[in-house]
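Topology and contacts: notes
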Amino acid sequence: MKKILVSILLSGFFLGLTAQEKEQEKDTIAVMILQRMSDVIGDLTSVSFKLTTSIDVDDYQYGVVKQFGWDEVYMVGPNKMLIHAYGYKGHRGFWYNGETTTYYSFDENNFAVIPSPKTIIATIDSIHNTYGIDFPAADFFYPTFTEDVLEYFDNVIFLGKKMVEGQECFHILATNEDMSAQFWVANDAFNLPKKFVLTYKNKGNKQYESNFSNWNLNPDVPNSAFNFLPPPQAVEIYLMPK
């Protein structure tokens, strides 16, 4: 897990799993479900979806507070991406056209153009490593998603079928000494992710949760949508590396 497990601080509450953790359990049913989900995502030529998130963040005055946001995401493989992000950091946009990524703040009316690699995944890695910008749920689009889960977590367990917002889902729990993650994968023809919750066990009881909705598989998105057009009086700025 490359992004969601490194850049988000969470906390754990799975106190009854000590015996299972010691046994290093890798459930074949859970692995099969994750791999099926990853294969379907990997076969897509384009996709759009909505991602709603909640995250526990430190507030200097009140301690830990929960913040909410949501993203509209459009991807056309291998080198087109558009994101509109709304949340406690304001309304932001990212346009990646295969050569550059443009960051734009709708609140401040300023933008920065970042030279970028030739694929979506390489661009996400580059921007995150250089500028510390997170792309929520990016891990699900890595071709090595299942292998990353199995490598990072000591236990990957199938917990049965659960209802999430009226949809039957497969419930999978992954744990190690420091972290736990829960995945809900839709029990339908496509087995796409529905929801996930990440938890750090040693980081002050913080949580991160994301919910997927409005999946649109292989939509026809015009290339012009991924080229940024500066609004009137927009100011170009320089992003400082982290």
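Everything discussed here concerns the structure shown above.
Remember, it's a predicted structure, so these values are computed and weren't measured experimentally. Here, residues in each chain are numbered from 1, in the same order as that chain's written sequence. Two thresholds apply to this predicted model, a pLDDT of at least 70 for residue-level local features and 80 or more for giving and counting side-chain atom pairs, whereas whole-chain, interface and lining totals are computed over all residues. Excluded from the side-chain calculations are hydrogens and water; all other atoms, namely the structure's heavy atoms, are used.

1. Re the overall build of the chain
Secondary structure counts use DSSP, requiring at least four H or I residues in a row for a helix and at least two E residues in a row for a strand, with both numbered from the N terminus. Across its full length, the chain holds 4 helices and 12 strands. Remark: exposure states derive from per-residue accessible area (1.4 Å probe, protein chains only) relative to the maximum for the residue type, with buried under 20%, exposed over 50%, and partly exposed in between. Evaluated residue by residue, the chain yields a buried proportion of 49% over its 242 residues. Two residues qualify as a contact provided that any one of their heavy atoms is within 4.5 Å of a heavy atom in the partner residue. Of the contacts made within the chain by residues no fewer than 6 positions apart, 54% connect residues no fewer than 24 positions apart.

2. Considerations on the sheet that holds strand β11 (residues 207-217)
What makes two strands pair is DSSP finding at least two bridges between them. Within the open sheet, the 12 strands sit side by side as β7-β8-β9-β10-β11-β1-β2-β3-β4-β5-β6-β12. Their pairing is mixed. Edge positions in the sheet fall to β7 (155-164) and β12 (235-236), since each of these pairs with one other strand and no more. Bridge count between strand β8 (residues 167-175) and strand β9 (residues 179-186): 7 bridges; the pairing is antiparallel. In the strand pairing of β9, C169 is matched with A186. Together, β2 (63-76), β3 (80-86), β4 (92-96), β5 (100-105) and β6 (110-115) form the strand contacts of helix α3 (residues 120-131), whose direction differs from that of β3 by roughly 45°. The convention used is that axes are lines fitted to C-alpha atoms, helices contributing only their stretch in contact, and that angles between N-to-C directions extend from 0 to 180 degrees.

3. Some remarks on the packing of aromatic side chains
Stacked, edge-to-face and tilted are the three classes for Phe, Tyr and Trp ring pairs, Trp counted by its six-membered ring, which pair at centre distances within 6.5 Å; planes under 30 degrees apart are stacked, over 60 edge-to-face, the rest tilted. Summed over the entire model, instances satisfying the criterion amount to 22 aromatic pairs. Here the aromatic rings of W70 and Y86 are separated by 4.3 Å at their centres, their planes lie at 15°, and the arrangement is stacked. Of this pair, W70 sits in strand β2 while Y86 is found in strand β3, placing the two residues 16 residues apart along the sequence. On the basis of relative accessibility, which here comes to 29%, the residue W70 falls in the partly exposed class. The exposure class assigned to Y86 is partly exposed, which follows from its relative accessible area of 25%. Arranged with centres 6.1 Å apart and planes meeting at 80°, the rings of F140 and F183 form a pair that is edge-to-face. Here the residue F140 occupies a position in the loop between α3 and α4 (145-152), and F183 occupies one in strand β9, the gap between them amounting to 43 residues. Judged by relative accessible area, F140 falls into the buried class, the value being 2%. Cluster of aromatic residues (ring-pair linked, three or more members): F49, F140, F141, F145, F183, F196, Y208, F212 and W215.

Honestly, it's all geometry; don't read function into it.
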